[in-house]
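# Reading the structure
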Amino acid sequence: MQSDDNCIDDVARRASRGGRAAFSTLSLSPTSETQQASDYGALLLAIAGHDLRQPLQAIQSAHELLGLGIRTKSELCLLRSGQHAIDRLTAQLDQLLAALRLRNSEGVKPTPLHLMHLLQQVAHENEFETLKKGIRLNVVPSSVSIQSDSLLFGAVLRNLVRNAVKYTDAGGRILVGCRRAGDTVRIEIYDTGIGISVDEMPRIFDLFSCVGSRSGDSHGVGLHIARQATKILGHRLELTTAPSRGSRFCIVAKRA
């Protein structure tokens, strides 16, 4: 059985074959502890305003479609997706309230976070959208854990996967997996989407900056949340991309 690292390496080698466009890489370092404290409250509000809107939209869409006629197998799938969104919304609201109560006294305290459950959860949350677009989303099984915060890291992962779904066309592929690198873990999201040009890369994580021509997160909030959360967590965020050849977002975190 292939290890996590070998599975990711195989996909990376296949992705690099063919085509003439050169890949560009951007690496973003974590912020200082002083800046972490000032960013934390603003980030929680951004998560509440942006991330929690997505499950509500999924619920609305699912129930509207199911109300049109007799429930088929696909409609039942939509109903399950809606229930999952309700559960996620409830859990995130509870986590946000707890985090706000702790903000002044403790702030962010990284704890061991087992990744596989979260990876599967995020894949399940995007199931409806990937099926609708005809995209394959695969998660490489992994047993690794990292030192992180489940709320903030979950926001990072959700926004990066959602971004990959948004910018990948029908027939495309998204792969999410982990690889060990010494005392760190690299959580990688590959996509075969439209990629990002060199000119657009410096502002891809800016708030209210919309790159490319796709609709959806028209205010550029999702990637900004991912960037700010990784800074607060002390993780590193990397981007490797090329126009028309896809992108790879990578979160580098300390291994638990």
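Quick caveat, the model's predicted, so the values are computed rather than measured.

## Focus: unusual backbone geometry
If you check the backbone angles, Ser244 has positive phi at about 70° while not being a glycine. Counting through the fold element by element, Ser244 comes out in the loop between strand E7 (236-242) and strand E8 (246-254).

## Topic: the pattern of salt bridges
Across all of its chains, the model carries eight salt bridges by this definition. Linking Lys132 and Glu129 is a salt bridge whose minimum nitrogen-to-oxygen distance equals 3.5 Å. Pair noted here: Lys132 and Glu129 are both in helix H6 (residues 127-133), with a separation of three residues, about one helical turn. When its relative accessible area of 55% is taken as the criterion, Lys132 is described as exposed. Between Glu238 and Arg186 there is a salt bridge; the shortest N-O distance is 2.8 Å.

## Describing the packing of helix H7 (residues 150-166) against helix H8 (residues 221-233)
A pair of packed helices is characterised by two quantities: the angle between their axes and the separation of those axes. Interhelical geometry of H7 versus H8 gives an angle of 145° and a closest axis separation of 8 Å. For the pair H7 and H8, the crossing hand works out as left-handed. Of H8, the residues touching H7 (which contributes Leu152, Phe153, Ala155, Val156, Asn159, Leu160 and Asn163) are Gly222, Leu223, Ile225, Ala226, Ala229, Thr230, Ile232 and Leu233. Of the residues assigned to the contact of H7 with H8, the class counts are eleven nonpolar, four polar and no charged.

## Describing the sheet that holds E8
Spatial ordering of the open sheet is given by E1-E7-E8-E6-E5-E3, a layout of six strands whose pairing is mixed. Looking at strand neighbours, the two that pair on one side only are strand E1 (24-28) and strand E3 (136-139), the edges of this open sheet. In this sheet, adjacent strand axes meet at a mean angle of 15° when their direction is disregarded. In this sheet, E7 lies alongside E1 in antiparallel orientation, the contact comprising five bridges. Residue pairing for E7: Thr25 is matched across the bridge by Thr240. H8 rests against E1, E7 and E8 of the sheet, and its axis sits at about 140° to E7.

What counts and how
- Residues numbered from 1 in each chain as written.
- Predicted model: local features only at pLDDT ≥ 70, side-chain atom pairs only at ≥ 80, totals over all residues.
- Heavy atoms only, no water.
- Helix = DSSP H or I, 4+ residues; strand = E, 2+ residues; numbered from the N terminus.
- Salt bridge = Lys/Arg side-chain N within 4 Å of Asp/Glu carboxyl O.
- Buried < 20%, exposed > 50% of the residue type's maximum accessible area, 1.4 Å probe, protein only.
- Axes fitted to C-alpha atoms, helices over the stretch in contact; angles between N-to-C directions.
- Left-handed = near helix turned anticlockwise from the far one by under 90°.
- Contact = heavy atoms within 4.5 Å.
- Nonpolar A, V, L, I, M, F, W, Y, C, P; charged D, E, K, R; others polar.
- Pairing = 2+ DSSP bridges.

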